[in-house]
Every structure is written in C-alpha cells, then in structure tokens.
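Residues per chain are reported as follows:
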Amino acid sequence: MPTESPLPRGLLDADALPLYAQVAARLMDDITAGGARAGDRLPSERVLAERYAVSRVTMRSALADLANRGVIESSPARGWFLTSTSTGTGADTGAGAGAAAGASAGGGTAEAGDTPSAPPGGRSVQGFADHALRHGLAARTRVLASAVRPARVQEAEELRIAPGAPLFEMRRLRYLDDLVVVVEHNRLPLALCPRLADTDFGTASLYATLRTATPGQFPRVADYSVEARQPTPEERELLEITDVTPVLVATQLAYNQDARPLELTVAIYRGDRYRFRASITD
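Residues numbered from 1 in each chain as written. Predicted model: local features only at pLDDT ≥ 70, side-chain atom pairs only at ≥ 80, totals over all residues. Heavy atoms only, no water.

Before going further, it helps to examine the packing of aromatic side chains. Counted according to the given criterion, the structure contains two aromatic pairs. Judged by centre distance (5.8 Å) and plane angle (50°), the rings of F168 and F201 are tilted. With F168 in strand β4 (residues 166-176) and F201 in the loop between β5 (179-189) and α6 (206-211), the pair connects residues that are 33 residues apart, well separated along the chain. The same class applies to F168 as to F201, namely buried. The ring of Y175 has R140 sitting right over it, with the charged end atom 3.9 Å from the ring centre. (Phe/Tyr/Trp six-rings, centres within 6.5 Å; stacked < 30°, edge-to-face > 60°. Helix = DSSP H or I, 4+ residues; strand = E, 2+ residues; numbered from the N terminus. Buried < 20%, exposed > 50% of the residue type's maximum accessible area, 1.4 Å probe, protein only. Lys NZ or Arg CZ within 6 Å of the ring centre and 35° of its normal.)

Have a look at this one:
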C-alpha cells in the first residue's frame, strides 16, 4: 500500500487566498444567503470596508473581482448593483461550492488549461479542476472505469430520464499537487452530451466537454449533502488511508441552465483533506 504523504499546510485552506479574494468570497456568501435580487444596490465601499474590516483599496479589489465574474456591475455616481447573473447558486463543490477541496462540487476537470465559464444569464457550479486552476494547484485524474449503460430506475427518477435510457458512468481518482483527495462516481444522461462516451477523461475536462455540447450544458445549481463514515477497504487503498481517518461522502445532483438534472455525483473525500462550509439562513 502506498505510503501516506502529509498534506502541505495551507494547501486547501481558504486563508491561503489573497485578502481581496477572501473578502470577495465572504461578500458573495452574504449576497447568496441574504436572498438578494438582480438590481439590488450594495452598500457603499466605505460601509463594506468597515463591515469586512479591510482597507478601501482591498474592498475595491474584491468588488472588481466580483465584477469580473459578472456578479455585480458599477454605475457611475450610483455605486455597485447586483446583475441578473448574481442570484444563481454556485458551489465551489466541494472545494470551494462550499468545500475546501473543491468538490466538485461535482464533476470538475483535470485539464490544466480549462477555465470556468457560465452560460449567458447565469453562474455555473464550479468543478474540481476549475477550483484547482483558480487556486494555483495542479489537478490530476486517474480514470478507474467508464462506460455507457442503461439507467436504473432510481437513477432515472433522479435524472428525470426513462429507465433504461443511455447513461454515461465514470469513476475517477482526483489529485491536487499529486496528493490524492477524492474518489468520484459520476453519472450523466448521455443524450445531453453524446461525446462523453468517446472522451478520454484522464486528460480532458468533464465540465469543459459539457460546455461544448449542442446545446451547451452548464451546471448552474446543485443539491448537495455531506455525511461522514468509515472508509471501505477499497476506499482505504485508493485514498491511501493507513490510520483511522474517516471519509466524507458528498452527494450532488447538478442542474443545467434549463433546470434539468445534468449530473449525479457521489464524491468520497479523505476527511483530512476536505472542508465543507455553508451559510444557513431562515
């Protein structure tokens, strides 16, 4: 069994981000948790700087970051306003959608040159490699198995397809900077992106491949749940667990820009290499 390597301090810690990026993430969380609507005006830069205990220069950089992502826009002499794309739900899945390892929040990618993109009029769920790219980490993928098979009844109900409809299924082992983080089990309706069956996801990006479908498929929002348990013998071997470290099992059902189920993923993370954060509101 491979020898366990310690995770470098700060590798998956949000505190390793530049201060302006941390503030931008906190502001985005507050926008989402507060139920804000497109066209709502943000408080002034001075008020925001005081609220987040940073300088106005840092606050201005955080606002510019959100503007670059299409979340907010500036109106001369009037201030900052939420755009029509800012009310979508994004998951730093896992890692960031909320998770420090980037779960992917579901599918994710292993392609170093891939960049996250959103459909017109909406934000997208962030994938594993999208998270890695954003944080300067090297993502690597080992495909354990992939195939096309008929959807089972339970899968068909969750993905809103007919029982027996073609389903693309894949299991992958995901790494960040050559440290194993998660085993992913992805299932997607093949009809939404037929080229899934012919793509080598050892090097290609799942989410980038979905974006090239006709029409393009953009994971916009996701139902996400997490539970802890002890790993199975196979999971211990794959995740290189040699002690009593538990695993965190994240189940995600992602929806596309048409609110149609796009991807059902079960991700099994090493408990010492994953953090889940969420904002709880009324």
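Right, let's talk about the confidence of the model for the protein chain for a bit. With 75% of its residues at a pLDDT of at least 70, the protein chain reaches an overall mean of 79. Per-element confidence in the protein chain is highest for helix α7 (residues 233-238), whose mean pLDDT is 97, and lowest for helix α4 (residues 128-134), whose mean pLDDT is 70. Across residues 1-12, confidence stays below pLDDT 50; counting only partners more than four residues off in sequence or on other chains, it has 31 contacts. Counted against residues more than four places away or in other chains, residues 85-122, with its pLDDT under 50, gives 171 contacts. (pLDDT = per-residue confidence, 0-100. Contact = heavy atoms within 4.5 Å.)

Bringing the environment of N256 into the picture now. Tracing the chain through its elements places N256 in the loop between β7 (247-255) and β8 (261-270). C-alpha separation for the pair N256 and G216, spaced 40 residues apart in sequence, amounts to 9.3 Å. Contacts of N256, omitting those with residues within four sequence positions, involve Q217, F218, P219, R220 and L262.

With that settled, consider the packing of helix α1 (residues 19-33) against helix α3 (residues 56-68). Pairs of packed helices are described in terms of their axes, by the angle between the two and the distance that separates them. Contact pair α1 / α3: the axes reach a minimum separation of 8 Å and the direction vectors enclose 60°. Looking at the two axes, α1 sits oblique to α3. Where α1 crosses over α3, the handedness of that crossing is right-handed. Of the residues in α3, those in contact with L19, Y20, V23, A24, L27 and M28 of α1 are T58, M59, S61, A62, L63, D65 and L66. Here the residues of the contact of α1 with α3 sort into ten nonpolar, two polar and one charged. (Axes fitted to C-alpha atoms, helices over the stretch in contact; angles between N-to-C directions. Parallel < 35°, antiparallel > 145°, perpendicular 65-115°, else oblique. Left-handed = near helix turned anticlockwise from the far one by under 90°. Nonpolar A, V, L, I, M, F, W, Y, C, P; charged D, E, K, R; others polar.)

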